[in-house]
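# Analysis of the macromolecular model
Here is how the chains run, residue by residue.
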Amino acid sequence: MTLTALAGVVLSLALTATPLPSAPPSPAQERTTVPEGSHECARAAARCDGTLAVPLDWNDPSSERIEVAFAWVPAAGHATGTILAAPGGPLPALPDLPRIQQVLGPVLGQRNLLIVDPRGLGRSSPLLCPGLNLAEPDTIAACATRLGPRTRFFTADQAVRDLDAVRRALGAGPVTFYGNSYGTVYAQAYAARHPEGLAAAFLDSTVISSAGGYALWPVRSRPDLLDLVCRRSPACRALPGDARRTYTRLVTRLREHPDPEVPLITLRSMDGMAEPVAGRELNAAATAYLAGDPEPLRRLARAMAGGPGQPIEGAQWAGYLAYRCGDGGFPFDRDAGPAERLDQLERYYRRERPLAPYTPADLGLDVREGLEFCVNWPTPRHSPVLPPRADLPDIPVMVVGGDFDTHSPAEVSAAMRVFPDATFVRVPFGTHSLAWATGKTGDCVRAALRSFVTDHRVPPARCTAENYRAIGAFPSSLSEVDPLPATGLDAGRRRVLAAAFATAADAVARRNPGNLFHGRLKEQPGLRGGRVTFGDGVITLDEAAYVPGVTASGRLVLTPEGRATASLDVLAAGRTFRVELAWEAFTAQERPALSGTLDGTPFQVPEQN
């Protein structure tokens, strides 16, 4: 008899430190209880990767055994507790272990860390469908047929039973659950089913549930966010109309008169405000476009088009589908067949118009051809993330959410009242996975996370991602530029200085640490001509024009802390000016304080909030 087979007979739940082939369940394996501290990783002094055999159906002790894989990282010093971390997806968790260790940082000196690949994903008995492509409904239906009825057990309500079995096998006491994105689904499901195993929870970018307890996957447009951003800026508020109506007029104009440089699907990628440059400029660019000046909007569209996308084909996406569909609440009945679901979905989009001011057709979407992956995935088992009238434990829960996340702060705050002792902390202008963010926002949220998981108290510090203000009208000439209130300069030079700073600030905005699309740019034309080249901490302007008739050439230096300096030769009003500038970039101010010289004359410009 091989060692693998022997282990399957002798060990009650086939506890192993390395993956083993599945074996038929023995009478000993049919027990669904796990002895405390029975896994060999419980005695490890360093990282231990293991697997645990668990029932496919936790409600049926005699059901098929599957294996779940985990990583156990003992605390570097004396352990005073354990953090159970679940990243997003639903995707494999173990590949994110290094990132989670980095996020938690020094906390791991006194806390053990446990990460488990959810069943059906990664190394945990993965569900696989060769030829699966989420953009092709026929392959989804074929995958569901191929995998058969066992897929109904690859859902959060079963996966959290696995998490608790691993916790007990390692002898860990009640854990502090750190859930990020879809990891918050597991956290809520765990709290509902294993309150005895939970000491506290930190939820980042929470997925909320429907009235029936299923996770919501909203497909919607968010033009309301343009109003939110614009309200913060006097310059933006001075534009004609309100931001949402301007945006709606723009969509209507582009639908009736398509512009190949501004496809509606590209415009749609901007209204979530996740890209700081879009938040800064979209309302002004929309206003300019409707007034006959298309270039600001076209410049945005060129940068936002063709960005990196996540591939949605491959055998491993079967596990993702099992969770998304089994855990999800959608605008169709779970018990309905594909044809009836499509009818219900079509009626929903026609009645509710969640993509307004767009229609699905504007975005190249066909409600009857794969707009929602789960139409063709059967969900015969009742498996809500949060069971009706779930009595969640009275434990400390800290919830952080951003203005620009999938669910709004108001939605998350209301949903998390299911926890008796939950504190919601809004992060203005925040997007998704806040503790994983770069720059000051990420540093602040990570500090709050580390503080909370240490003492289970919500820290007083408040974090923000608001590091810009929306701009006003794009000037069409130097005469439209308001002079800066600079000491020691006459009105003409103060106007030139304002044009020089606007040109420099426009270039620096492309290096906001929150940018994705613009952060990839190596070069870009100036708004009204010339060239802007982006290097490592250096931006080069070559006759770059932001204000018509004003060009700037020279270098801008941007430090990692966000301090910007510029040395520019500015051609304006028929002569060249030498401008030196210094300011703090990426602040939530209408205008930061400026200092420098113009043709050797020193100046100071006070900040404007």
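So, here is what we can say about the structure in this document. Note that residues are indexed from 1 along each chain, following the sequence as it is written. Only residues with pLDDT of at least 70 get local features here, since the model is predicted, and only at 80 or more are side-chain atom pairs given and counted; chain-wide, interface and lining totals rely on the full set of residues. Derived side-chain values reflect all non-hydrogen atoms in the structure, with water molecules and hydrogen atoms excluded from consideration.

Moving on to the state of the cysteines. For this text, the term disulfide refers to a pair of cysteine sulfurs within 2.5 Å. Scanning all chains against the criterion turns up 5 disulfides. The disulfide bridge from Cys41 ends at Cys48, spanning 1.9 Å between sulfur atoms. Taking the sign of the torsion about the S-S bond as the criterion, the disulfide between Cys41 and Cys48, at about -65 degrees, is left-handed. This pair shows no difference in class: Cys41 is buried, exactly as Cys48 is. The buried label goes to any residue with under 20% of its type's maximum accessible area, the exposed label to any with over 50%, and the partly exposed label to all in between, with areas taken from a 1.4 Å probe on protein chains only.

Take the buried Ala, Val, Leu, Ile, Met, Phe, Trp, Tyr and Cys residues and link them wherever side-chain atoms come within 4.5 Å; each set so joined is a nonpolar core. Judged by nonpolar contacts, the single largest core of 191 residues is most densely connected at Leu113, Phe177, Tyr178, Tyr186, Leu267, Leu497 and Trp583. The contact rule is simple, with two residues in contact once any of their heavy atoms fall within 4.5 Å. Once residues within four sequence positions are removed from consideration, Leu113 is found in contact with Ala71, Trp72, Val73, Ile83, Ala85, Leu97, Ile100, Gln101, Leu104 and Leu108.

The next thing to look at is the sheet that holds strand S9 (residues 397-402). Strand order across the open sheet formed by 8 strands is S1-S2-S4-S3-S5-S6-S9-S10, with mixed pairing between neighbours. Here the strands that pair on one side only, and so sit at the sheet edges, are strand S1 (48-55) and strand S10 (422-427). With direction set aside, neighbouring strand axes in the sheet form an average angle of 20 degrees. In the packing of helix H4 (residues 156-169) onto the sheet, the strands contacted are S1, strand S2 (65-73), strand S3 (82-86), strand S4 (112-116) and strand S5 (175-180), and the crossing angle to S1 comes to about 125 degrees. Strand pairing requires that DSSP identify at least two bridges connecting the strands. A run of H or I in DSSP becomes a helix once it reaches four residues, and a run of E becomes a strand once it reaches two; helices and strands are each numbered from the N terminus. The angle between two axes is taken between their N-to-C directions and runs from 0 to 180 degrees, where each axis is a line fitted to C-alpha atoms and a helix contributes only its stretch in contact.

Once that is clear, we can look at the pairing of strand S15 (residues 563-572). Going residue by residue along S15, you find Ala564, Ala566, Leu568, Val570 and Ala572 tucked away on one face and Arg563, Thr565, Ser567, Asp569 and Leu571 left uncovered on the opposite face. Bridging between strand S14 (residues 551-558) and S15 involves 8 bridges; their strand directions are antiparallel. Note that in S15 the partner of Ser553 across the bridge is Asp569. Between S14 and S15, which pair antiparallel one after the other, the connecting turn spans 4 residues, and Gly562 there sits at a positive phi close to 95 degrees. Sheet topology places S15 next to strand S16 (residues 575-584); 10 bridges connect them, and they run antiparallel. Looking across to S16, one finds that Asp569 is bridged to Arg578.

Next up on the list: the packing of aromatic side chains. Any pair of Phe, Tyr and Trp rings, taking the six-membered ring for Trp, is counted once the centres come within 6.5 Å. Such a pair is stacked with planes under 30 degrees apart, edge-to-face with planes over 60 apart, and tilted for the rest. On inspection of all chains with the given rule, the structure shows 15 aromatic pairs. Seen in terms of ring centroids, Tyr182 and Tyr186 are 5.5 Å apart; in terms of plane orientation they differ by 80 degrees. Their pairing is edge-to-face. Judged by its relative accessible area of 1%, Tyr182 is buried. Judged by relative accessible area, Tyr186 falls into the buried class, the value being 4%. A ring pair is formed by Phe429 and Tyr468, whose centres lie 5.2 Å apart and whose planes are at 55 degrees; its orientation type is tilted. Here the residue Phe429 occupies a position in the loop between S10 and helix H15 (439-455), and Tyr468 occupies one in the loop between H15 and helix H16 (491-509), the gap between them amounting to 39 residues. An identical accessibility class is assigned to Phe429 and Tyr468; each is buried. Among the aromatic side chains, those forming a connected cluster through ring pairs are Tyr182, Tyr186, Trp217, Trp317, Tyr320 and Tyr323.

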